[in-house]
Each structure stands twice: as structure tokens, then as C-alpha cells.
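Each chain, letter by letter, is given below.
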Amino acid sequence: MPCASMEETLAFYEALGFEATCKQSKPYVYLALQWSGFQLHFGPAPKGLDPAREESGGCLVMVDAVASYHAAFVAAMRRVHGKVLSSGLPRITRYRPGASRFTLIDPSGNSIMFIQRDEPSELEYGGSKKLTGLARALDNARILREFKNDDLQAFRALKSAVRRHGADAPVVERAIALCHLIDLAMVLGEPIDPWGADLRVLELTSSDRQRIESELGHLAGLQDWLP
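Residue indices follow the written sequence of each chain, beginning from 1 at its first position. Only residues with pLDDT of at least 70 are given local features in this predicted model, and only at 80 or more are side-chain atom pairs given and counted; all residues enter the totals for whole chains, interfaces and linings. Hydrogens and waters are ignored; side-chain quantities use all the structure's heavy atoms.

Some words on the layout of surface pockets
Empty space among the atoms becomes visible once a probe the size of a water molecule is rolled across them. There is about 500 Å³ of room inside the largest pocket. Along its surface, the largest pocket is lined by 27 residues, and Arg96, Leu138, Arg142, Glu146 and His180 are the ones closest to its centre. Here a strand is any run of E in DSSP of at least two residues, a helix any run of H or I of at least four, and the numbering for each starts at the N terminus. Going through the elements one at a time, β6 (91-92), α3 (133-146), α5 (171-188) and α7 (206-216) are the ones with two or more residues in the lining of the largest pocket. Broken down by element, the lining of the largest pocket gets its largest block of residues, seven residues, from α3. Charged residues are taken to be Asp, Glu, Lys and Arg, nonpolar residues to be Ala, Val, Leu, Ile, Met, Phe, Trp, Tyr, Cys and Pro, and polar residues to be all remaining types, Gly included. Its residues placed into classes, the lining of the largest pocket shows 10 nonpolar, six polar and 11 charged. Think of a 1 Å grid over the protein atoms and nothing else: a 1.4 Å probe that fits but is trapped marks a cavity, an open set flanked by protein within 12 Å on at least five of seven lines marks a pocket, and residues with an atom within 4 Å of a point count as lining. Grid points are joined across faces, edges and corners, and a volume is the space filled by probe spheres set on the points. Quantified by volume, the second largest pocket comes out at close to 340 Å³. The wall of the second largest pocket is formed by 16 residues, among which Val84, Ser86, Arg94, His218 and Ala220 lie closest to the centre. Put simply, the parts of the chain that give the lining of the second largest pocket at least two residues each are α2 (66-81) and α5. Of the residues that constitute the lining of the second largest pocket, the class distribution is eight nonpolar, five polar and three charged.

Here it is in C-alpha cells:
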């Protein structure tokens with residue numbers, strides 16, 4: 001994968017626990033890092049590479065239990081940075097309990113995708129055809145966030161879906177969609193007020209709250225958002 005800055009790449013991965021097995025700057029850049037039984041190798045960045053476009057390179061790391069890898073990286077980020085790097089560059093994508101993958105995006109814009117070995121071979125990549133209305137839009141947003149790392153498109157899709165289908169959807173689905181919009185707005189630096197105000201006026205039953213907490217318990221601040 002391309003390495004736009006050896007110093008930034010080393011700092012990022014070593015903070016996560018990786019060990020450098022090769023560090024070469026001349027006659028060309030070559031960097032090798034290892035951790036937990038696998039290696040990542042980096043070479044020179046092509047001229048004009050813009051890491052912010054996040055189109056640099058990528059690889060798949062197949063693991064037996066993806067949740068423990070995400071937990072290890074999150075803990076390392078909190079130790080070194082005092083917070084989880086969940087937006088900007090570099091960052092780690094959010095992990096929903098039961099999900100089968102997450103992604104590290106490094107300072108050079110490379111995507112390192114950690115995937116559970118027993119992930120289903122057949123996956124819906126555009127919203128399940130078995131779902132309709134807001135439920136389908138929520139599933140589509142999940143795909144955009146977890147599989148395509150596209151928070152902005154997920155935000156746009158959910159905003160449109162809430163306008164089109166929110167009035168006809170069950171209240172619990174509206175609440176879940178609004179919670180996702182608040183979380184996405186925070187990640188993208190957008191105002192959260194419109195979604196928070198809409199969420200606070202919903203009347204949720206105890207079973208509604210249980211479903212929301214079951215699906216979205218991984219979102220920091222969830223209890224503060226709910227009415």
C-alpha cells in the first residue's frame with residue numbers, strides 16, 4: 001500500500017500496537033509492520049496522491065473474532081490519544097455488536113478491513129429487498145456505513161428516507177433513524193438539533209426502548225438523546 005508519510009504511518013500503527021520489522025527511506029520508501037500474526041507492507045506514494053480522498057489502497061485481514069480486534073484498537077486509541085479516532089483521518093469505523101467487519105483508515109488514506117472468517121458469503125449491498133420504506137433505508141444506511149465506509153451518503157440517504165417514509169413508519173423505526181442521524185451528524189460536523197428535537201417528542205414504549213438500546217447501545221450518548 002502507498003505510504004504518504006513514513007513518520008505519520010509509523011506513529012499511527014505503533015500506537016495501535018504494531019511493530020516495525022522494516023523501515024527503509026532510501027533509495028525508496030519501504031515499511032513493514034506486524035501485529036497479531038499478520039503483516040502490512042507499504043511502498044512509495046504515487047505523485048499527486050491525496051490521502052483525504054481515501055482512495056490510496058487497501059487490504060482485507062481475515063480474523064476469527066472481529067469484535068476483539070476492534071476493542072483492542074479502541075483501547076489503544078484511548079490510551080494514546082485520549083479518545084477514539086472516529087472521524088477525519090486517520091480513524092476507525094464504528095462497530096455495531098454482531099457486525100462482521102470494521103475498517104481502519106490510516107494517515108495515507110488506506111483502508112484496512114478486518115472481516116470475520118464466517119461472515120455470510122451472500123450479503124445485501126443496497127438495502128434488503130425483503131424490506132420496504134424506512135426499514136429498507138435503515139438497512140441501506142448500515143451497508144453504507146459498515147461495508148462502504150460512506151458516512152456522508154448514509155446521512156443523505158437517511159435524511160431523504162425520514163422525509164419520505166417517516167410519517168408512515170412505526171415510531172421505533174423513526175426513533176432508530178433519528179438516532180443514526182444524530183450520530184452521523186456528530187461524525188460529519190453537522191448540526192444535530194433538527195434530529196434531536198424530532199426524537200424528543202416521540203412517545204416510546206418500554207419495548208421500543210429495549211429494541212433501540214439493543215440495536216444502538218454501541219452509540220455513545222444514546223441515553224442522553226432518547227426522550
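Focus on the packing of aromatic side chains
In summary, the pairing rule links any two rings of Phe, Tyr or Trp, Trp by its six-membered ring, whose centres are within 6.5 Å, and it sorts them by plane angle into stacked for under 30 degrees, edge-to-face for over 60 and tilted for everything else. Tallying each qualifying case throughout the model produces 15 aromatic pairs. Between Trp35 and Phe38 the ring centres are 6.3 Å apart and the planes differ by 90 degrees, which places this aromatic pair in the edge-to-face class. Exposure class is identical for Trp35 and Phe38. Each is buried. Here Phe102 and Phe114 contribute two aromatic rings whose centre-to-centre distance is 5.0 Å and whose plane-to-plane angle is 5 degrees, an arrangement assigned as stacked. Placement of Phe102 in strand β7 (residues 101-105) and of Phe114 in strand β8 (residues 111-116) is noted, with a sequence separation of 12 residues between them. A residue is classified by how much of its surface remains accessible, and Phe114, at 0% relative accessible area, is buried. Only protein chains enter the accessibility calculation, which uses a 1.4 Å probe; a residue whose area is less than 20% of its type maximum is buried, one above 50% is exposed, and one in between is partly exposed.

Structural notes on the pattern of salt bridges
Side chains that carry opposite charge are capable of pairing whenever their charged atoms lie near each other. Counted as salt bridges are all cases of a side-chain nitrogen of Lys or Arg within 4 Å of a carboxyl oxygen of Asp or Glu. For the structure on display, the rule yields 10 salt bridges. Salt-bridge contacts for Arg53 lead to Glu55; the nearest nitrogen and oxygen are separated by 3.3 Å. Its salt-bridge partner being Arg211, residue Glu215 comes within 2.9 Å of it at the nearest N-O pair. Residue Glu215 and its partner Arg211 are both found in helix α7; the two are separated by four residues, about one turn of the helix. Assessed through its relative accessible area of 31%, Glu215 is described here as partly exposed. You can call Arg211 partly exposed: its relative accessible area is 34%. Look at the salt bridges and you will find they share partners, linking Arg94, Arg145, Asp151 and Asp183 into a network.

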